[in-house]
Amino acid sequence: MLLFTRSTRRASAWPPLLPSRRQPRNPLWLGAPRHYSAPATRHGRPFRLAVIGSGPAGFYTAYRTMTRVQDARVDMYEALPVPFGLVRFGVAPDHPEVKNCQDKFEEVASSPNFTFIGNVTVGTASDHPDGAAVSLASLLRRYNAVVFSYGAPKDRALGIPGESLPGVYSAREFVGWYNGLPEHADLAPDLTRGDEAVIIGQGNVALDVARMLLEDVDVLRRSDIAEHAVETLARSKVRRVHIVGRRGPMQAAFTIKEVRELMRLPAVGFHPIDASLVPPDPKALPRAPRRLMDVLLKGSPTPPAEAAKSWSLDFLLSPTAFLPSDPPSDPPRLAAVRFARTTLSSPFDPQAYALPADETAELRTPLAFRSIGYRSAPLPEFAALGIPFSERHGVISNDGRGRVRHEERTPDAAMALGTFPGLYCAGWVKRGPTGVIASTMEDAFATADAIAEDWADASVRFLNEAPGQGQGPDEVNGWDAVRHEMTRGEVNKVVHWEGWKRIDAAERERGAKVGKEREKFTRTAEMLAVLG
Amino acid sequence: MLPRLLPTATRSVRLAGQSVRRYTKPSAAAPLLRAARSRSGPAPARSTTKPAVPQAQTRSFSATAAVSHGHIDPPKPGEELYVTFIDKEGGEHKLAVSKGDNLLDIAQAHDLEMEGACGGSCACSTCHVIVLDQEYYDRMPEPDDDENDMLDLAFGLQETSRLGCQVAMTPELDGLRVKLPSMTRNLQSKDFN
Ligand SMILES: Cc1cc2nc3c(=O)[nH]c(=O)nc-3n(C[C@H](O)[C@H](O)[C@H](O)COP(=O)(O)OP(=O)(O)OC[C@H]3O[C@@H](n4cnc5c(N)ncnc54)[C@H](O)[C@@H]3O)c2cc1C
Ligand SMILES: NC(=O)c1ccc[n+]([C@@H]2O[C@H](COP(=O)([O-])OP(=O)(O)OC[C@H]3O[C@@H](n4cnc5c(N)ncnc54)[C@H](OP(=O)(O)O)[C@@H]3O)[C@@H](O)[C@H]2O)c1
Ligand code: FES
């Protein structure tokens, strides 16, 4: 069944699409601040919201919606048996303070108006063998609105030769592996083949990967890092880490706090950067780049020659191939990474772009990580339901405040605005895979404010409101109705918040035995075994 | 008077999601230029004032669950210090507090909108405040590197910006006035994709 049409011309489809949700209003919402007070109910029914994904975007959207729309009922669907998305499976284990945002998420989950529906993938099948799945079409029948906040579950590839050679890892899988993500529990990276490691990309994820390779494993041992990672890192032979970027220090994606943290690692040395890439008078720079250049130029207290391990930021190198050894080993393995040198359109301009120069360079290494960004993807039903996903930007098409919208050229060359009543998005799937938790929070708040504003505006349509459309308001019972569309076997796999708390307690107990805050279960079956 | 706005730095621009990196490129360079992706993609921003929100609704939630809110004791009579918060809608909240309380705990204990996502560990910048009077700013112990590093990433950074979790009340700060930065970024319809 086609639920949404792509353009406004197909106004007869269900639910009916108006030419524009609010008209006339251009630009749509940049008018004077609107004073709204979102009423508790429409047609005498509370607002029912499904949130897909339990990362910061999902939780902060739920939280803000619950504070803005009185008596809102929020059901949160999460593919894994455990909540928190990248706060659990992305944020580095030696950054426990970053995970304090979970306190707020706990607070949200403790509300009687909130239901956590864990171990349920929204889509056609569970993303792991022990989980249940529920179709998006089913959610669309049972809620007034749905928020897509399922993050960026894939990663970007370079698309260069040799990318799948043994020895080349994606940062996403490596990060997932050391953080106990079930999907990558079996990665078993081989860190014993040589001294060198090359990380491609200079974002904060690249710095996280570098820190895991450089940091004293006894420091990591006390964190909530997965046990298998401690064992592997303890045997690591890596002593020299290159973090390679295609642009210069003035354009780098990492942030100062993370660089400083690497500089401060005891007994780890930093090879000085090419100072010609820093503006001649760094003092004249604006505050943030000035302070960053200062940290880069100062370097590490331990000189690299006296250090047990060392690292460098290698600039102006764009990868062109991962090379096997010559003659090739059997099976072939990574032996080197080849780069094209680049020049910058304007060396000190933060927006400068890289141009390829003729020269090439090679770094010999048995170990490389590609850390060039995560990537989102449409849910399997999007195409059939007509929900717009921009492959180019890797986000759900939206109006910037999180309302799913799509502009399309009609055959007569006019622009039509496709609106999708009741559909919203937040977080990395809305904005792309960049931004720290604070920016994801802001972004989620903006989405929730849009939802509350819309609910307060009688002219804005939501899902399943109009009687006589097959699914009247009586059917909008959220999870209570959805679960009846699942088999009993599937419903039995669902992990609610109390279930997560038991898994949480079991992990903490395992951790206490070995002096860690928690010892994560790295298999979904182990998590579910706690629940009997 | 508000302190002068600092020149916006690239990094804070990026973190604000207001990415404006441009890669206008000669086509030969194409493979190197894929970075344009999301950054120059869906998100250039305009900020507008966000719609005012009825206080009562904000409260109703916190009232049901007050787990992580700031824990502070009311000041002893005669030992009150005063601090005024100016919220995002411009409302003033003058509060009597005790010596040693930090601005994050104070704000949360009084249900002001300050997130404090990292629980006061100097790791998130969601407790950003702008000190309204340079003289008061100068009376505070200087921010350390870690605080400045987080501030570099804060939305709407100003010269008298501080992290609320790092500023504790002292008698010298009695009468302090701080503003909560308005962070909402609203986007335009032309950014549809
Ligand atoms: C390696 C790494 C380290 C980071 N470190 C920091 C840091 O130190 N500090 C900081 O501030 N920020 C950090 N960040 C950024 C921060 O993690 C993100 O800003 C934030 O997590 C994005 O939130 P999100 O909710 O959009 O996505 P996510 O956190 O990815 O959450 C998405 C959730 O949706 C679930 N899901 C996916 N598909 C489905 C489906 N079909 N059905 C149901 N559920 C689904 C996923 O399982 C996941 O739980 C880091 C990011 C990475 C990648
Ligand atoms: N501690 C923390 O606060 C923390 C930790 C981890 C992650 N995070 C956040 O999470 C977000 C994601 O981080 P991220 O590191 O995955 O992404 P990111 O910050 O976007 O960095 C991606 C890096 O990959 C490079 N790159 C992209 N495509 C490339 C290509 N084809 N060839 C060569 N290099 C390429 C980019 O270079 P260009 O700049 O040239 O495009 C950039 O250096 C960021 O906002 C980050 O701050 C925060
Ligand atoms: S609360 Fe996170 S930096 Fe202050």
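Residues numbered from 1 in each chain as written. Chains lettered and ligands numbered in written order. Predicted model: local features only at pLDDT ≥ 70, side-chain atom pairs only at ≥ 80, totals over all residues. Heavy atoms only, no water.

Under an unreviewed UniProt entry, the name given to chain B is 2Fe-2S ferredoxin-type domain-containing protein, and the source organism is Remersonia thermophila. Taken verbatim from the UniProt record of chain B, the Cofactor (unreviewed entry) comment is "[2Fe-2S] cluster". In its Sequence similarities (unreviewed entry) section, UniProt records this for chain B: "Belongs to the adrenodoxin/putidaredoxin family." (UniProt positions renumbered as here; feature names shortened; annotations may be inferred.)

Identification of chain A as NADPH:adrenodoxin oxidoreductase, mitochondrial from Remersonia thermophila is taken from an unreviewed UniProt entry. Quoted verbatim from the Cofactor (unreviewed entry) heading of the UniProt record, the comment on chain A is "FAD". In its Sequence similarities (unreviewed entry) section, the UniProt entry covering chain A states "Belongs to the ferredoxin--NADP reductase type 1 family."

Now for the overall build of chain B. When its secondary structure is counted, chain B shows 6 helices and 7 strands. Listed by position from the N terminus, the elements making up chain B come as α-α-β-α-β-β-α-β-α-α-β-β-β. Scored against the burial criterion, the 193 residues of chain B give a buried share of 56%. Relative to all contacts within chain B whose residues are 6 or more apart in sequence, the contacts with residues 24 or more apart total 68%. For chain B, the accessible area works out to roughly 8400 Å², and carbon and sulfur atoms hold 51% of it. (Helix = DSSP H or I, 4+ residues; strand = E, 2+ residues; numbered from the N terminus. Buried < 20%, exposed > 50% of the residue type's maximum accessible area, 1.4 Å probe, protein only. Contact = heavy atoms within 4.5 Å. Areas by Shrake-Rupley, 256 points an atom, 1.4 Å probe, with all protein chains shown as cover.)

Under the 1.5 Å per step criterion, the end-to-end length of helix 1 (residues 56–68) of chain A is 18 Å for 13 residues, consistent within 8% with the ideal 18 Å. In terms of burial, helix 1 of chain A is largely enclosed, as 13 of its 13 residues are buried. (Expected span 1.5 Å × (residues − 1).)

Turning our attention to the sheet that holds strand 3 (residues 92–97) of chain B. Residues and elements named next belong to chain B. With mixed pairing, 5 strands are arranged side by side in an open sheet as 3-2-6-4-5. For this open sheet the edge positions go to strand 3 and strand 5 (161–163), each flanked by a neighbour on one side alone. For this sheet the average axis-to-axis angle between neighbouring strands, irrespective of direction, equals 35 degrees. Pairing of strand 4 (residues 128–131) with strand 5 involves 3 bridges; the strand directions are antiparallel. Across the sheet, residue Val129 finds its bridge partner in strand 5, namely Arg162. (Pairing = 2+ DSSP bridges. Axes fitted to C-alpha atoms, helices over the stretch in contact; angles between N-to-C directions.)

What follows covers the UniProt feature "domain: FAD/NAD(P)-binding" (unreviewed entry) in chain A. Here, UniProt's "domain: FAD/NAD(P)-binding" (unreviewed entry) annotation points to residues 48–219 of chain A. Helix makes up 32% of residues 48–219 of chain A and strand 21%, and the two end C-alpha atoms of the span are 45 Å apart.

Residues and elements named next belong to chain B. Within chain B, residue pLDDT values average 69, and 58% of them lie at 70 or more. Per-residue pLDDT stays below 50 along residues 1–68; that stretch engages in 179 contacts with residues further than four places along the chain or on separate chains. Per-residue pLDDT stays below 50 along residues 184–193; that stretch engages in 54 contacts with residues further than four places along the chain or on separate chains. Per the prediction output, this complex has pTM 0.87; the corresponding ipTM is 0.87. (pLDDT = per-residue confidence, 0-100.)

Residue and element names in this part refer to chain A. With respect to spatial proximity, 32 residues lie near ligand 1, and among them Glu78, Trp428, Gly435, Ile437 and Thr440 are the closest. Between ligand 1 and Glu78 there is a distance of 2.6 Å, counted from an oxygen atom to a side-chain nitrogen or oxygen. Between ligand 1 and Val436 there is a distance of 3.5 Å, counted from an oxygen atom to a backbone nitrogen or oxygen. A total of 1000 Å² of accessible area belongs to ligand 1 in isolation, and the protein chains cover 90% of it. Going through the elements one at a time, helix 1, strand 4 (73–78), strand 6 (120–122), helix 6 (204–214) and helix 13 (437–456) are the ones with two or more residues in the shell around ligand 1. The greatest single-element share of the shell around ligand 1, amounting to 3 residues, is contributed by strand 6. For the shell around ligand 1, the per-class residue count stands at 18 nonpolar, 12 polar and 2 charged. Shared between two domains, the shell around ligand 1 takes at least three residues from each, and those domains are domain 1 (46–153 + 376–496) and domain 2 (156–373). (Near = heavy atom within 4 Å. Polar contact = N/O pair within 3.5 Å; in protein donor to acceptor, adjacent residues only side chain to side chain. Nonpolar A, V, L, I, M, F, W, Y, C, P; charged D, E, K, R; others polar. Domains from an automatic or database assignment.)

Before going further, it helps to spend a moment on the environment of Val491(A). Residue and element names in this part refer to chain A. Mapped onto the elements, Val491 comes out in helix 15 (residues 488–492). Overall, the relative accessible area of 19% leaves Val491 in the buried class. Measuring from C-alpha to C-alpha, the distance between Val491 and Ala157 comes to 36 Å, with 334 residues separating the pair along the chain. Dropping the residues within four chain positions of it, Val491 is found in contact with Arg483 and Met486.

Should the charged atoms of two oppositely charged side chains come close, the side chains can pair. Tallied over the entire structure, the rule returns 46 salt bridges over all chains. We note a salt bridge from Arg291(A) to Asp149(B), for which the minimum N-O separation is 3.0 Å. Here Arg291(A) is found in helix 10 (residues 287–298), whereas its partner Asp149(B) is found in helix 6 (residues 145–151) on a different chain. Of the two residues, Arg291(A) and Asp149(B), neither departs from the other in class, the shared state being buried. Notably, a salt bridge pairs Lys501(A) with Asp504(A), separated by 3.3 Å at the nearest N-O pair. With Lys501(A) and Asp504(A) both in helix 16 (residues 497–513) and 3 residues apart, this pair spans about one turn of that helix. Overall, Lys501(A) belongs to the partly exposed group, its relative accessible area being 31%. Ionic contacts of the salt-bridge type, sharing partners, join the residues Arg88(A), Glu106(A), Lys501(A), Asp504(A), Glu507(A), Arg508(A), Glu517(A) and Arg518(A) into one network. (Salt bridge = Lys/Arg side-chain N within 4 Å of Asp/Glu carboxyl O.)

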